[in-house]
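What follows is the residue order along each chain.
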Amino acid sequence: MNTLIKGDNINALKFLIEQRQLAGKVDLIYTDPPFATNVNFTITDGRASTISNSAKGDIAYTDKLLGRDFVEYIRERLLLMRELLSERGSIYLHTDYKIGHYLKVMMDEVFGIENFRNDITRVKCNPKNFKRIGYGNIKDMILFYTKTTNPIWNEPLKPYAESDIVRLFPKTDQDGRRYTTVPIHAPGESNNPQEFKGMMPPAGRHWRTSVEIMDQWDKEGLIEWSANGNPRKIIYADEKYGKRFQDIWTDFKDPQYPIYPTEKNIALIELIVRTSSEPDSIVLDPFCGSGTTLEASARNRRSWIGIDKTDLAIEITRKRLEAGEGNLFGNETEFIDLSSSKP
Ligand SMILES: C[S@@+](CC[C@H](N)C(=O)[O-])C[C@H]1O[C@@H](n2cnc3c(N)ncnc32)[C@H](O)[C@@H]1O
C-alpha cells in the first residue's frame, strides 16, 4: 500500500504515528527539506528554476525560514521521523554546506552520534564560473544515520572500470585471468591459534578464517606461496562484481532540465533505496517535492509514503507516478488530504 499525503508534514507524521500506527515500521527515510536559502523556488512556463527570486512564475515552494527557527523546525520533524523508524531503519538527510553543519549537530542529538554513519559528499553539478569571493560550490551533503547498530545494509558495489581492473588486479595467471593476492592473516592474536601447513600466524596476528577453509583454498589452487614460503589468498577480478562505494559520490548530478525546482537525481535515491531497505520495506519521504523517492521506491518494489504541503508538488508527483511504467501511482495508492489541519 502506497500513500501520498498533502499537508504540513508535522501533521502528516503525527497522523502516521497515531492513526496508522506506523511507529517503528518504516525502514528508510530519505528527506530533502528546504536548505534555508531565503528564496522562493518557481516554475515558469513549465520550466523549473534551480534557484530563483523571480517574481514571475508559480511558486513551487518557499524557503524563507532561516537560522535557529529553521533548525528547530527540522528538529521537531526529525523527532517524529525517529519514532517512525524501525529498529533496522536508516535516515538520509540531504542538505548543503551552509546549513548542514548545524543539522549534523542536531542529528547527533536526535539519533545519537554512535548511529552516525556517513557525511556523504554529493557532486551536484558541473563547475560554475560565477565570479564570487570563494571557491566554486559543486557539492552538497547527505547525512546518513541508522536507528540502531543493526541496520538493513545491502552492500552496494560499483562496477570496475577497465583501469581499476589493471590497477587492482596486477597479476595474470597461465589462463590469462587477472588476479591479486591478499594476506590470509589479520591483526590481533587469537587465544587458540592453529597450525596451517606447519605454520603459525605471525606474532600479533590471527588466521582470517579456519584452517579447514584454508586447506580447501589450497586444494583449489587459491593460495599463492611466495618465494620465502608466505601464503596469500588469490582473488580473481572476474569473480568480483565491483568496488565499494566511498563517501564522495560523483555520478549523481541533478537533472539539467528538472520538472520541479531542486529535483534530485533518481539514480542517487535508487542507490540509497536498494542499500538501506528490503523489498517489503516502507520508504518514507516527508518532503517529497516531485516524488523522486516515491518513483525510486516503486521501481525497486518498495512501499512508499510521500508528504508535501504544496498543491504543485502533489500534482507533479501524481502525474509523474501515473506516467511511470505500469502506472506507479496505481490503484493501491491512497491519497490523503490533511491540508486543512493547522500545524
Ligand atoms: C527540496 S524540495 C524536495 C525535492 C525532492 N527531493 C525532489 O526530488 O523533487 C523540498 C520540498 O519540501 C516541501 N515542504 C517544505 N516544508 C514542508 C512541510 N512543512 N511539510 C511538507 N512539505 C514541505 C516543499 O514544498 C518542497 O516541495
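In what follows, the structure referred to is the one given above.
Conventions and cut-offs
- Residues numbered from 1 in each chain as written.
- Predicted model: local features only at pLDDT ≥ 70, side-chain atom pairs only at ≥ 80, totals over all residues.
- Heavy atoms only, no water.
- Helix = DSSP H or I, 4+ residues; strand = E, 2+ residues; numbered from the N terminus.
- Buried < 20%, exposed > 50% of the residue type's maximum accessible area, 1.4 Å probe, protein only.
- Contact = heavy atoms within 4.5 Å.
- Lys, Arg positive; Asp, Glu negative; His and termini not counted.
- Charge placed at Lys NZ, Arg CZ, Asp CG, Glu CD.
- Near = heavy atom within 4 Å.
- Polar contact = N/O pair within 3.5 Å; in protein donor to acceptor, adjacent residues only side chain to side chain.
- Areas by Shrake-Rupley, 256 points an atom, 1.4 Å probe, with all protein chains shown as cover.
- Nonpolar A, V, L, I, M, F, W, Y, C, P; charged D, E, K, R; others polar.
- Axes fitted to C-alpha atoms, helices over the stretch in contact; angles between N-to-C directions.
- Parallel < 35°, antiparallel > 145°, perpendicular 65-115°, else oblique.
- Left-handed = near helix turned anticlockwise from the far one by under 90°.
- Salt bridge = Lys/Arg side-chain N within 4 Å of Asp/Glu carboxyl O.
- Core = buried A, V, L, I, M, F, W, Y, C linked by side-chain atoms within 4.5 Å.

Trainee: Any chance you could explain the overall build of the chain here in plain terms?
Mentor: Per the secondary structure count, the chain includes eight helices and 20 strands. Each of the three principal axes of the chain carries a C-alpha extent, and together these read 75 × 50 × 45 Å. Of all 343 residues assigned to the chain, the portion counted as buried reaches 49%. Here the analysis covers contacts within the chain between residues at least 6 apart in sequence; of these, 69% occur between residues at least 24 apart. For the chain, the distance from the average site of its 47 positive side-chain charges to the average site of its 49 negative ones is 4 Å.

Trainee: Hey, could you run me through the site of the ligand in this one?
Mentor: Near the ligand lie 22 residues; those nearest to it are Asp32, Tyr260, Ser290, Thr292 and Asp308. Asp32 places a polar side-chain atom, nitrogen or oxygen, 2.7 Å from a nitrogen atom of the ligand. In this structure, Tyr73 approaches the ligand through a side-chain N or O atom, which is 2.7 Å from a nitrogen atom. Alone, the ligand offers 610 Å² of accessible surface; in the complex the protein occludes 99% of this. Residues belonging to the shell around the ligand are distributed by class as follows: eight nonpolar, seven polar and seven charged.

Trainee: How do you make sense of the packing of helix H2 (residues 67-84) against helix H3 (residues 100-111) when you look at a structure like this?
Mentor: Two numbers describe a pair of packed helices, the interaxial angle and the distance between the axes. Two numbers describe how H2 lies on H3: the axes approach to 10 Å, and their chain directions differ by 30°. By the angle class used here, H2 and H3 are roughly parallel. The handedness of the crossing between H2 and H3 is right-handed. In this structure, H2 contributes Phe70, Val71, Ile74, Arg75, Leu78, Leu79 and Arg82 to the contact, and H3 contributes Tyr102, Leu103, Met106, Met107, Glu109, Val110 and Phe111. Here the residues of the contact of H2 with H3 are counted per class, giving 11 nonpolar, no polar and three charged.

Trainee: Could you clarify how one ought to interpret the pattern of salt bridges in this entry?
Mentor: Any two side chains of opposite charge can pair, on the condition that their charged atoms come close. Scanning the entire structure with this criterion turns up 27 salt bridges. Between Arg77 and Glu76 there is a salt bridge; the shortest N-O distance is 3.5 Å. What you see here is one network of salt bridges that share partners, running through Glu263, Glu270, Arg274, Glu295, Arg299 and Arg320.

Trainee: I tried to follow the nonpolar core on my own but got confused; where do I start?
Mentor: Note on soluble globular proteins: their nonpolar side chains tend to be buried together. Judged by nonpolar contacts, the single largest core of 38 residues is most densely connected at Ile5, Leu16, Leu78, Ile91 and Leu284. When residues of this core are traced back to their parent elements, those giving at least two are helix H1 (9-18), strand S2 (26-31), H2, strand S6 (85-95), H3, strand S8 (139-146), strand S18 (282-285) and strand S19 (303-308). Residue contributions to this core peak at eight residues, all from H2. Discounting chain neighbours no more than four positions away, the residues touching Leu16 are Ile5, Gln21, Leu22, Leu84, Leu284, Ile305 and Ile307.

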